Protein chains: 2
Amino acid sequence: MKYTFSNKLANMKPSAIREIFKSLSDPSIISFAAGNPSPLSFPTKELSEIAADIFENESAAALQYSVTEGYSPLISDVNRRMKEKFGIDGEGNQTIITSGGQQAIELACKALCNEGDAVICENPTFIGALNAFRSNGAKTVGVTLGDYGIDTTELEETIKRTENAKLLYVIPTFQNPAGSTSTLDNRKRLYEIALKNDLIIFEDNPYGELRFEGEEIPTIKSFDTERIVIYCSSFSKILSAGMRIGYVRGPSEIIQKMVIAKQVEDVHTNIFFQMMCHRYLNEYDLDAHIEEIRALYRKKCTLMLECLDKYMPREIKYTRPSGGLFIWCTLPEKINSSEFVNLALKNKVAVVPGATFNADESAPSQSFRLNYSTPSDDDIVRGVKILGDTAHELLK
Amino acid sequence: MKYTFSNKLANMKPSAIREIFKSLSDPSIISFAAGNPSPLSFPTKELSEIAADIFENESAAALQYSVTEGYSPLISDVNRRMKEKFGIDGEGNQTIITSGGQQAIELACKALCNEGDAVICENPTFIGALNAFRSNGAKTVGVTLGDYGIDTTELEETIKRTENAKLLYVIPTFQNPAGSTSTLDNRKRLYEIALKNDLIIFEDNPYGELRFEGEEIPTIKSFDTERIVIYCSSFSKILSAGMRIGYVRGPSEIIQKMVIAKQVEDVHTNIFFQMMCHRYLNEYDLDAHIEEIRALYRKKCTLMLECLDKYMPREIKYTRPSGGLFIWCTLPEKINSSEFVNLALKNKVAVVPGATFNADESAPSQSFRLNYSTPSDDDIVRGVKILGDTAHELLK
């Protein structure tokens, strides 16, 4: 039989990142390509203690079917934390637990967008979000992301010329891949524009807890008086990525549609680990744990920046992030960026080419993404030196 | 803002089962409405031992991001088991791990169906599958399910008059909700019809391990020489439902599209519990464990049938299942089935009305579903007696 696929999936290919990841099975390659948190950020001993206790005292509930919305004690915990840390509160909103932040993005698009509808997003942006939109048949339309946030003039123009734009997807804090954080003014202007144009904002904040420098900037959701913001975060960067536990809060009408969509995707998120999160948040000091992660990433980011300063030719520009997992490097026009990425891989250092993160997949990019949370300190020094040598070679 | 939803989700409501479940928070109600496995079927002590060891020796991998396809040692395990127990093998197929069988159903529909395409299924059938198809904008078209399987004459007629039928969804063994098992002849005829009409078969087999009487019947996938069958099962009924681990095997071209769709739904399934399953399958005796579950369900099913024989008026017919979790009861025309279900609930016994499981939600049904895996023996006796009294009352 000749298989025929749905229009929305027929042309989707595995992401370029996946292909790069395959090359990483070679242990001689230094990888700056991952988006993984450091294994040191997972509180193994504490989670192990909690797991033993759950098996001892709550195993019947922890192994049985549960409700789609999520474990209600954990929902209370994340509501409390969103309020305390990110100023998120307000009536007419509802919070549910999702199988990672990834699921929340996909569910929001499924609930709001028909095939052919548009999602407007920062350019560059998170590849997992772009593909979630595409898998629902939505068009992805990019707006330039600058140092201070999305270009709001371009955003207004883009909205004007885009038919059926439904959703505006942004990562305002420690953006993936660009590492930038948008200013409060930018966030407020973006909110006004979305409100005026009947756009729902999806504020993705997976790295919000990972600030190691500077002052917190209010989340967009914190001033969402008009209930147009869906806010999402997860425990992937602070407790465990592999357990797949995230959460999303938004207007209850929208969240209730997402619950219906979630029920048919996986019934509910692994309940054992939902209970683990709840216990950790109540019996251990999450803030102290996060301080350790921040110190670790501050150190690793500083080291990588020092190496970039030392080894990279001046013509290469890079961001100086105040949190998150990524540094975004931009090559001068005289270097062909594909050539750079390929030569770096040949020289045993993997980075992710910037074009991967474009809303328009065919658009070129002079940039590439570096991750500092996963590699060892030694690998950071050796790998950045190799990248510097590679750049020097191509500048000759 | 007035929220506008996608066409596919705009008209979807939480399922009737969910509404019934809400009434179950009343502890005085005896519930035959659940589809939960018995908590006794979860090997808590063994899982607890494995978890402790994973935290001790493999925690870095167990808590970190993993690959979308699933944990490869577990994939080898399920391939081996599918071959040994269900005769499933054959080249050109691929197996992946999913977040419960539910996710496999949803991914298959997303990969194969555009909005407006049709999925043909048994009438009645699993509500979670029906809603998964609806959430992707597919139409659900039912074909009568008899004691020996789907009505193949009606199936051929239905295919002829249905535009854009893409998928044929069946639960041939211990069907949910009807409890029936289709014969080998019926399975072979169904396969021929699907092949002739370019339909992909989705064979859902969540209860296949739970036979407590009679002889195994070959799965459809076991004679799928033409690669038109997607086969799905899970660990929900034999290790833990709450961990959400299932698996799906099918033509590799289709599975690869499902991988792309899965990646944007949840990146991957909880990796810690995937490792738990692998360890259990290799270090403990799953077959012996399953024998215990079968013995338990044989006992509970027999008890429920004895009570039905004793308390139900003769006019009420019911199946005598040889495995699975459900008995399907059918009321005579002179009893209004909604009235029966409502009066039973008023009398403190919850059952699921048959109309819930119809492909056409508005079609009436004289049937209701009883579950025997969850209630205690005492509740089975007391509850069935109440149902008998309720039926007698309405027959007056």
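Look a little higher up for the structure.
Every value quoted in this text rests on a predicted model; they were computed, and no experiment measured them.

Considerations on the overall build of chain A
Looking only at helices and strands, chain A has 14 helices and 14 strands in total. Counting over 396 residues, chain A shows a buried share of 64%. Counted over contacts in chain A with a minimum sequence separation of 6, partners at least 24 positions apart contribute 77%. Of the roughly 14,600 Å² that chain A leaves accessible, carbon and sulfur atoms contribute 48%. Looking at chain A, you have 44 positive and 53 negative side-chain charges, and the mean spots of the two groups are 4 Å apart.

Overview of the pattern of salt bridges
Residue and element names in this part refer to chain A. In total, this model carries 58 salt bridges over all chains according to the counting rule given. Between Asp26 and Lys348 there is a salt bridge, with its nearest N and O atoms 3.3 Å apart. Note that Asp26 is positioned in the loop between α2 (16-23) and β1 (30-31) and Lys348 in the loop between α13 (337-346) and β12 (349-350), a separation of 322 residues in sequence. When its relative accessible area of 26% is taken as the criterion, Asp26 is described as partly exposed. For Lys348, a relative accessible area of 34% gives the class partly exposed. In this structure, Arg294 and Glu216 form a salt bridge, with 3.9 Å as the shortest nitrogen-oxygen distance. Taken together, the residues span a long stretch of sequence, with Arg294 in helix α12 (residues 286-311) and Glu216 in the loop between β7 (200-204) and β8 (229-234) at a distance of 78 residues.

Description of the pairing of strand β9 (residues 246-251) of chain A
Residue and element names in this part refer to chain A. Counted residue by residue, β9 has 6 buried out of 6 residues, so it is predominantly covered. In terms of strand pairing, strand β2 (residues 93-98) meets β9 through 6 bridges, oriented antiparallel. Each residue of the ladder has a partner; that of Ile97, found in β9, is Tyr247. Bridging between β8 and β9 involves 4 bridges; their strand directions are antiparallel. The residue bridging Cys232 from the neighbouring strand is Val248, located in β9.

So, the relation of the copies chain A and chain B
When chain A is fitted to chain B, the best match, at an RMSD of 0.0 Å, comes from turning it 180° and sliding it 0.0 Å along the axis. Viewed as a symmetry operation, the transformation between the two copies matches a two-fold axis. When the interface residues of chain A are mapped onto chain B, 100% of them are again interface residues, pointing to one common binding face.

Observations concerning the packing of aromatic side chains
Two measures describe an aromatic ring pair: the distance that separates the ring centres and the angle between the ring planes. Summed over all chains, the structure comprises 27 aromatic pairs over all chains. With a centroid separation of 5.3 Å and an interplanar angle of 65°, the aromatic rings of Phe273(A) and Phe272(B) are classed as edge-to-face. Of this pair, Phe273(A) sits in helix α11 (residues 271-283) while Phe272(B) sits in helix α11 (residues 271-283), placing the two residues on different chains. What makes Phe273(A) buried here is its relative accessible area of 0%. Classification of Phe272(B) by relative accessible area gives buried; the value is 1%. Positioned over the ring face of Phe5(B) is Lys257(A), at 5.6 Å from the centre of the ring. Stacked on the ring of Phe223(B), the Lys or Arg Lys188(B) has its end atom at 5.9 Å from the ring centre.

Description of the sheet that holds strand β13 (residues 352-353) of chain B
All names here are of chain B. Here 4 strands make up an open sheet; going across it, the order is β10-β11-β14-β13 and the pairing antiparallel. The open sheet is flanked by β10 (317-318) and β13, the only strands paired with a single partner. In the sheet, β10 pairs with strand β11 (residues 326-330) via 2 bridges, with the strands oriented antiparallel. If you follow Lys317 over to β11, its bridge partner there is Thr330.

Here we look at the sheet that holds strand β9 (residues 246-251) of chain B
Neighbouring strands of a sheet are bound in pairs by backbone hydrogen bonds; such pairs are parallel or else antiparallel. All names here are of chain B. Across the sheet, 8 strands lie side by side as β2-β9-β8-β7-β6-β3-β4-β5; this open sheet has mixed pairing. If you trace the sheet from one side to the other, it starts and ends with β2 (93-98) and β5 (149-150), each paired once. Relative to β5, strand β4 (residues 139-146) runs antiparallel, the two being bridged by 2 bridges. Bridged to Leu145 within β5 is Ile150. Here helix α8 (residues 152-161) sits on the sheet and contacts β3 (118-123), β4, β5 and β6 (165-170); the angle it forms with β4, its principal contact strand, is near 160°. Taken strand by strand, helix α10 (residues 252-266) contacts β2, β7 (200-204), β8 (229-234) and β9, and its axis lies near 135° from that of β9.

Quick look at the nonpolar core
Counting residues in hydrophobic clusters, the biggest one holds 147 residues, and the most contacted among them are Phe235(A) and Phe235(B). Not counting residues within four places of it along the chain, the set of residues in contact with Phe235(A) comprises Leu74(A), Val78(A), Ser240(A), Met243(A), Ile245(A), Tyr247(A), Cys277(A) and Leu281(A).

A short note on the packing of helix α6 (residues 100-112) of chain A against helix α10 (residues 252-266) of chain A
All names here are of chain A. Closest axis-to-axis distance for the α6/α10 pair is 9 Å, and the angle between their directions is 115°. The angle between α6 and α10 places the two elements in the roughly perpendicular class. In the packing of α6 onto α10, the handedness of the crossing is right-handed. Between α6 and α10, the contacting residues are Gln103, Ala104, Glu106, Leu107, Ala108, Lys110, Ala111 and Leu112 on the first element and Ile254, Lys257, Met258, Ala261, Lys262, Glu265 and Asp266 on the second. Considered class by class, the residues forming the contact of α6 with α10 number 8 nonpolar, 1 polar and 6 charged.

Details of α10(B)
All names here are of chain B. Between the first and last C-alpha of α10 there are 20 Å, a value that for 15 residues agrees with the 21 Å anticipated at 1.5 Å per step. Most of α10 is tucked away, with 13 of its 15 residues classed as buried. Downstream of α10 by one or two residues, Val267 has phi in the positive range, about 65°.

Looking at the interface of chain A and chain B
Counting residues at the interface gives 77 residues for chain A and 77 residues for chain B. On the chain A side of the interface with chain B, the three residues burying the most area are Met1(A), Tyr3(A) and Leu63(A), jointly 12% of the side's total. Taken together, chain A and chain B are joined by 2 salt bridges. The partner of Lys110(A) in a salt bridge is Glu106(B), and the shortest N-O contact between them spans 2.8 Å. Mapped by element, the contributors of at least two residues to the side of chain A that touches chain B are α1 (7-10), α3 (44-57), α4 (59-63), α6, α7 (127-135), α10 and α11 of chain A. Tallying contributions element by element places α10(A) first for the side of chain A that touches chain B, with 10 residues. A per-class count over the side of chain A that touches chain B returns 35 nonpolar, 26 polar and 16 charged.

Remarks on the side chain of Ser337(A)
Residues and elements named next belong to chain A. Within the fold, Ser337 resides in helix α13. There is a polar contact of 2.6 Å between the side chain of Ser337 and the backbone oxygen of Ser365. What Ser337 contacts, discounting residues up to four positions off in sequence, is Leu331, Ser365 and Gln366.

Re unusual backbone geometry
All names here are of chain B. Of note, the bond from Asn123 into Pro124 is cis; its omega dihedral lies within 30 degrees of zero at 5°. Secondary-structure assignment places Pro124 in the loop between β3 and α7 (127-135). Here the amide bond leading from Asn176 into Pro177 is cis, since omega sits at 15°, within 30 degrees of zero. Relative to the helices and strands, Pro177 resides in the loop between β6 and α9 (184-196). Residues other than glycine seldom take positive phi values, yet Lys348 does so here, at roughly 80°.

Let's talk about the pairing of strand β4 (residues 139-146) of chain A
Where a strand is regular, its side chains alternate between the two sheet faces. Residue and element names in this part refer to chain A. In terms of strand pairing, strand β3 (residues 118-123) meets β4 through 6 bridges, oriented parallel. Opposite Val119, over in β4, you have Thr140 as the bridge partner. A crossover links β3 with its parallel partner β4, the connecting element being α7, and its sense is right-handed. Counting the residues in the hairpin turn of β4 and strand β5 (residues 149-150) gives 2 residues.

Criteria and thresholds
Residues numbered from 1 in each chain as written. Chains lettered and ligands numbered in written order. Predicted model: local features only at pLDDT ≥ 70, side-chain atom pairs only at ≥ 80, totals over all residues. Heavy atoms only, no water. Helix = DSSP H or I, 4+ residues; strand = E, 2+ residues; numbered from the N terminus. Buried < 20%, exposed > 50% of the residue type's maximum accessible area, 1.4 Å probe, protein only. Contact = heavy atoms within 4.5 Å. Areas by Shrake-Rupley, 256 points an atom, 1.4 Å probe, with all protein chains shown as cover. Lys, Arg positive; Asp, Glu negative; His and termini not counted. Charge placed at Lys NZ, Arg CZ, Asp CG, Glu CD. Salt bridge = Lys/Arg side-chain N within 4 Å of Asp/Glu carboxyl O. Pairing = 2+ DSSP bridges. Least-squares fit on C-alpha atoms with pLDDT ≥ 70 in both. Phe/Tyr/Trp six-rings, centres within 6.5 Å; stacked < 30°, edge-to-face > 60°. Lys NZ or Arg CZ within 6 Å of the ring centre and 35° of its normal. Axes fitted to C-alpha atoms, helices over the stretch in contact; angles between N-to-C directions. Core = buried A, V, L, I, M, F, W, Y, C linked by side-chain atoms within 4.5 Å. Parallel < 35°, antiparallel > 145°, perpendicular 65-115°, else oblique. Left-handed = near helix turned anticlockwise from the far one by under 90°. Nonpolar A, V, L, I, M, F, W, Y, C, P; charged D, E, K, R; others polar. Expected span 1.5 Å × (residues − 1). Buried area = accessible area lost by both parts, 1.4 Å probe. Polar contact = N/O pair within 3.5 Å; in protein donor to acceptor, adjacent residues only side chain to side chain. Right-handed = clockwise from strand over helix to strand, strands pointing away.

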